[in-house]
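Chain by chain, the residues run as shown.
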Amino acid sequence: MTQRSDTASPLVPVPKHKRTVMIYSRYERFWHWSQALLIFVLVFSGFAVHGTHSLIRFDIAVSVHTIAALALIVLWVFTTFWHFTTGQWRQYLPKSGLFQVIRFYAFGILTGAPHPYSKSLRRKQNALQSLAYLTFMVMIGPALWLSGILYLTYPLWNRMVGQAFGLGAVAFVHTAASFMMVTFVLIHVYMTTTGKTVGHYVKTMITGYDTVEMDEVEEAYLKSQGTRIFR
Amino acid sequence: MVRAALSIALALSVWCLTLPAGAQQTAMPSRPEQAKAKSTADHSKFEALKGPFTSGPEVTKACLTCHTEASKQVHKSIHWTWTYKHEGTGQTLGKKSVVNSFCGNVTSNEPRCTSCHAGYGWTDRNFDFSSEANVDCVVCHDRTGTYRKVPDGAGHPAASPRKIGKDSYAPPDWVKVAQNVGMPGRENCGSCHFYGGGGDGVKHGDLDSSMANPNRKLDVHMGKDGLNFTCETCHTSDAHVLAGSRYDVAAKDTKGAVHRGAERQAASCESCHGGQPHKSPALKAYYLNGHIEKVACESCHIPAMARGGVPTKTLWDWSTAGKMKDGKPYAEHDAKGNDTYLSTKGTFKWEENVIPYYAWFDGKVRYTLVDDKIDPTRTVEVNRIEGSYADPKARIWPFKAMQGRQAYDKGTNQLIYMNVFGQNDTAFWTNFDWPRAIEAGMKSAGKEFSGQHGFVDTVMYWPLAHMVAPKEDSLACASCHARDGRLANVPGFYMPGRDTFRWLDIIGYLAMAGALAGVIFHGLLRLLFSRNNAAH
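Bear in mind the structure is a predicted one, so any value in this text is a computation, not a measurement.

Bringing the pairing of strand β15 (residues 395-409) of chain B into the picture now. Residue and element names in this part refer to chain B. Burial of β15 is extensive: 13 of the 15 residues sit out of reach of the surface. Sheet analysis places strand β7 (residues 312-317) next to β15, joined by three bridges and oriented parallel. By the bridge assignment for β15, Trp316 is matched with Gly404. When strand β11 (residues 357-361) meets β15, the two strands line up antiparallel, connected through five bridges. Counted as the bridge partner of Trp360 is Ile396 from β15. Of the strand pairs in this sheet, β15 and strand β17 (residues 453-463) are connected by 11 bridges, and their pairing is antiparallel. Paired with Lys400 across the bridge in β17 is Trp462. Alignment of β15 against strand β16 (residues 414-415), held across two bridges, turns out to be antiparallel.

Okay, structure coming up:
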C-alpha cells in the first residue's frame, strides 16, 4: 500500500523515523475538550427542550442551551481563526485511501492487520477521519449554528408576515442536525478506543503527544523551533 | 425592532446580570391608588343633598344640579345603553340584544335583569333611554356600602323593607348615601359585575365577591396588601365611558405605555407595562418578551380562575329544568351548598381553581344572535372568538369556556329569547312551560316562534383579564412547553417542548440507537477476535 503525502511528493524518498512529538497543540486540545463538554451540555439540554426527557426544567434547559450555544459559537469563531492562521485547515482536505481505511475498520482491525495509514505531523488524520470531521465542520456544525441562531432570534422575526411555519422549519433543521451530531459523537467516542490500546487516542488528545513518522529535515526544523522530541 | 435588538445584545453579553431600571422602564404607579380621591368638595355641605329623598330619581336630580352633564355622559355608556354596535362585525351586541348561556336574554325579563342597569325603571322595552333623572348615580358612587338594589326592582332599591329568600332589603338612607358619594370602589363595580348571571361568581370566572377585598395572591394589582387598585385604575374613565370591552377586546396593544404621567384610555396590561415588560434576568426576559407578540399577558399571569374561594358556574343545562317533586319545584345542592339542580333553571356544575381554555383571539367576538341560523347537531358557539397564528392582531388568550345546553327553535334552527321571570302566565320560572315561555320571550322582541323547541349544546367564551397572580405564581414554562401542556390543542404553529416531527424523531432515534448498537457490536467483535488472536 502506497502512502502519499498531502504536500507535493518528494522525488527522492527521505528516510523517516518514529518520533514522539506534540501533535495536538495546547489550543487544539482546549478546543477539543471544551467543545466536547459544550456539545454534551447542548445535547442534554437540547433534548430536554425537545421533550425527549424531562430531567431538568424547561426554562433551565433553554437558558443552559442558549448559554452553551453562545459559548460554542465563540469557540468556533476562535477555532476557525486558529485553523486559518496555523494552516491546520489543510488537515481536513479529502485524502485518498478512504476505502482502505473503511476496510481496515471493518475487517483488518479484527484480524490484527496494520492500520493502512501512518500518522505524520502534516497528516494527523486518516481519510475517513478527514471526511467525518469535514462533514462535521461544514455540514452538521453550520446547520446547527445557523438554525440555532435563527431559533434564538425568533422573537426578532416573529412579526414578519408569512413566517407561520418558519419556526417549525428552523426547528426541523436544528433537530435533524442534532440527531446527526449525536450519531457522530457516539461513533467518534467509540473510535477513540481503536488505537494501540483502548485509551491511547484519548491519552493523546489529553497530553497532545503521539508517535509519528518524521524525516530528518522535519526533525531538525522542529528542534530549531525548540520543540521537544522524544525518540 | 431596535429595542428588541438591544434586548438580545444585552441577553448575549450580560445575561446573568440584573438589568437596572432605566430608559426601558415604563411608568408604573408607585403608590397605592385609593378609591377615595382627595375630593375638593364635601358633599354633606351641599344644600341640594339635604333631602328629604324618597327615590333614586330624586337623588339623581339633586346630583344634576351641580353635575349638569353627568346623565348625558352616562347615556352614551354601555352601562346605560346595554347596546354595542361592533364596528368590526357590524353586529349589534350588548345585553339588550344578545343571547347568553345563563338566563338567556334580557327582553321580557327586564325587572330582574335590569336590577343591574345603571338606571331606574327599565321594566320593559318601552323604557325611556333619554331620561336624565332615571340614571342611577349612587350605585357606582355610593361610598357608604349600604346602597342596594332589589333583584326584581328594575334598578330600584327597596321602597319598603323586603325579604327575598334569605336576603333582607331595606330602603336606603337616601340622604346619607347622597352625601357620601365618591369615586367608585371595587365593591361598587362588583355589586353587579361580581354577581352576573344571577349569583356570586356565576358568570365570569375571574370576577366574584372575593375580588372586593382581594389579597395580593389573588390579584396582584387589586390586593389590599399590594397595590390596592380599584377597577378604574385600569378601566380608566372618560366622561363616564370606561375603557375595556368584552365585545371588542384589545387582544394586542402595540401602542404600549405612554410617558410617565400621561394617561391612556385603555385597560390593557401594556398601557402601563409596555411591550417589553420582563426585565430580569436578561436572558429569561429576552425569551419571555419574545412571547408577547403571540401570547397575551393574561395567559401566563392568570394561572387559574375562581381562585378566591368562590366557585364559578361552568355548566348550565337548561334541558333538565321543569322537573317536580310532589308537584313542586325543588333544589339540589352539593356539599358546599352550591345549587346543582333547580327546577327553575336546570342542572349546574360549579368549579374552583379552573384551568382556562386557551385559543387564538384577535379581540373580535362574533355572536350567534337570535336571527342567525345554527346547526343543532353540533355545539353552538354562543359567541365565536376569532384569530389565528398568522393573524398579526391575534394572541393566545385564556377564556372561561361556559358549557351550556339551552333551548332553540326547532322549526327555524335559531336560538330563542325566553321569558323566565315574572308573575304572569308565561314566565318559565312560574309556569314551567317551555313553549309559552319562548313564545312570550320572542313576542316581546317582535319575533316569531315556530312552536317547536329543542335543546342544543352551547359554549360561550369569556376572556379572562382579572385575578392576575403575582409573578411568582404565574405559569411555569413547562405548563405549555410540554407534550400535554395547556396549549396542547392550540393550532397553527410549532412550539418547542410540545411539538415534534414524527418521522424525523423516528429516524433520528433509530440512527442514534443504530450507531450505539453498531459500535457495541463492533467492540464485541474486536474483543472476541483479540482473544482468538491471543490464543494462537
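Residue and element names in this part refer to chain B. Evaluated as defined, the whole model comprises 40 aromatic pairs over all chains. Their ring planes at 75° and their centres at 5.2 Å tell us that Trp434 and Phe455 sit as a pair that is edge-to-face. Separated by 21 residues along the polypeptide, Trp434 in helix α14 (residues 434-444) and Phe455 in strand β17 bring together distant segments of the chain. A connected cluster of aromatic rings, assembled from ring pairs, spans Phe102, Trp316, Trp318, Phe348, Trp350, Phe428, Phe432, Trp434, Phe455 and Trp462. Between Lys323 and the ring centre of Tyr341, over which it is positioned, the NZ or CZ distance is 5.0 Å.

Here we come to the nonpolar core. Nonpolar side chains in soluble globular proteins generally cluster together in the buried interior. Core analysis: the biggest nonpolar cluster contains 52 residues, and Trp318, Phe361, Tyr367, Phe428, Trp434 and Ile438 of chain B have the highest contact counts within it. Counting 24 residues, the second largest nonpolar core, distinct from the first, contains Phe179 and Val182 of chain A together with Tyr389 and Val490 of chain B.

With 42 residues of chain A at the contact, the number on the chain B side is 39 residues. By the criterion of area lost to chain B, the three top residues of chain A are Leu110, Leu156 and Tyr190 of chain A, representing 19% of everything that side buries. Here chain A and chain B share one salt bridge between them. Our count for the contact surface shared by chain A and chain B stands at 15 residue pairs in polar contact (both at pLDDT 80 or more). Counting only elements with at least two residues in the side of chain A that touches chain B, the list comes to α1 (26-50), α2 (58-86), α3 (98-111), α4 (127-152), α5 (154-157) and α6 (166-191) of chain A. The greatest single-element share of the side of chain A that touches chain B, amounting to 12 residues, is contributed by α6 of chain A. Split into classes, the residues belonging to the side of chain A that touches chain B amount to 25 nonpolar, 15 polar and two charged.

Now for α1 of chain A. Here α1 of chain A spans 35 Å end to end across 25 residues, near enough to the 36 Å set by a 1.5 Å rise per residue. Following α1 of chain A by one or two positions, Gly51 of chain A has its phi on the positive side, about 95°.

The pairing of strands in a sheet happens through backbone hydrogen bonds and is either parallel or antiparallel. Residue and element names in this part refer to chain A. Strand order in the open sheet made by the three strands is β2-β1-β3, with antiparallel pairing throughout. The outermost strands of the open sheet, each flanked by one partner alone, are β2 (209-215) and β3 (229-230). Here strand β1 (residues 16-22) runs beside β2; their pairing, made up of seven bridges, is antiparallel. By the bridge assignment, Lys16 is partnered in β2 with Asp215.

The next subject is the state of the cysteines. All names here are of chain B. The tally for this structure, following the rule as stated, stands at one disulfide over all chains. Covalent S-S linkage joins Cys116 and Cys192, the inter-sulfur distance amounting to 2.4 Å. What sets the handedness of the Cys116 and Cys192 disulfide is the S-S torsion sign, and at about -110° it is left-handed. One end of the pair, Cys116, is in the loop between α5 (110-113) and α6 (138-141); the other, Cys192, is in helix α8 (residues 186-193), and 76 residues separate them in sequence. Under the relative-accessibility criterion, Cys116 is labelled partly exposed at 31%. The thiol sulfur of Cys480 is not disulfide-bonded, and the nearest other cysteine sulfur, from Cys300, lies at 5.9 Å.

Before going further, it helps to examine the pattern of salt bridges. Within this structure, the stated rule accounts for 22 salt bridges over all chains. Residue Glu219 of chain A pairs with Arg19 of chain A through a salt bridge whose shortest N-O separation is 3.0 Å. Of this pair, Glu219 of chain A sits in helix α8 (residues 216-224) while Arg19 of chain A sits in strand β1, and the two are 200 residues apart along the sequence. Of the residues examined, Glu219 of chain A reaches a relative accessible area of 6% and is grouped as buried. Its salt-bridge partner being Asp152 of chain B, residue Arg162 of chain B comes within 3.0 Å of it at the nearest N-O pair. Residue Arg162 of chain B is located in strand β3 (residues 162-164), and its partner Asp152 of chain B is located in the loop between α6 and β3; the two are separated by 10 residues in the primary sequence. Accessibility expressed as a relative area gives 33% for Arg162 of chain B, which makes it partly exposed. Given the relative accessible area of 27%, Asp152 of chain B is considered partly exposed. Beyond isolated ion pairs, a larger network of salt bridges with shared partners links Arg19, Glu219 and Lys223 of chain A.

About the cut-offs
Residues numbered from 1 in each chain as written. Chains lettered and ligands numbered in written order. Predicted model: local features only at pLDDT ≥ 70, side-chain atom pairs only at ≥ 80, totals over all residues. Heavy atoms only, no water. Buried < 20%, exposed > 50% of the residue type's maximum accessible area, 1.4 Å probe, protein only. Helix = DSSP H or I, 4+ residues; strand = E, 2+ residues; numbered from the N terminus. Pairing = 2+ DSSP bridges. Phe/Tyr/Trp six-rings, centres within 6.5 Å; stacked < 30°, edge-to-face > 60°. Lys NZ or Arg CZ within 6 Å of the ring centre and 35° of its normal. Core = buried A, V, L, I, M, F, W, Y, C linked by side-chain atoms within 4.5 Å. Contact = heavy atoms within 4.5 Å. Buried area = accessible area lost by both parts, 1.4 Å probe. Salt bridge = Lys/Arg side-chain N within 4 Å of Asp/Glu carboxyl O. Polar contact = N/O pair within 3.5 Å; in protein donor to acceptor, adjacent residues only side chain to side chain. Nonpolar A, V, L, I, M, F, W, Y, C, P; charged D, E, K, R; others polar. Expected span 1.5 Å × (residues − 1). Disulfide = S-S within 2.5 Å.

From the geometry alone we can't say anything about function, so treat these as descriptive.
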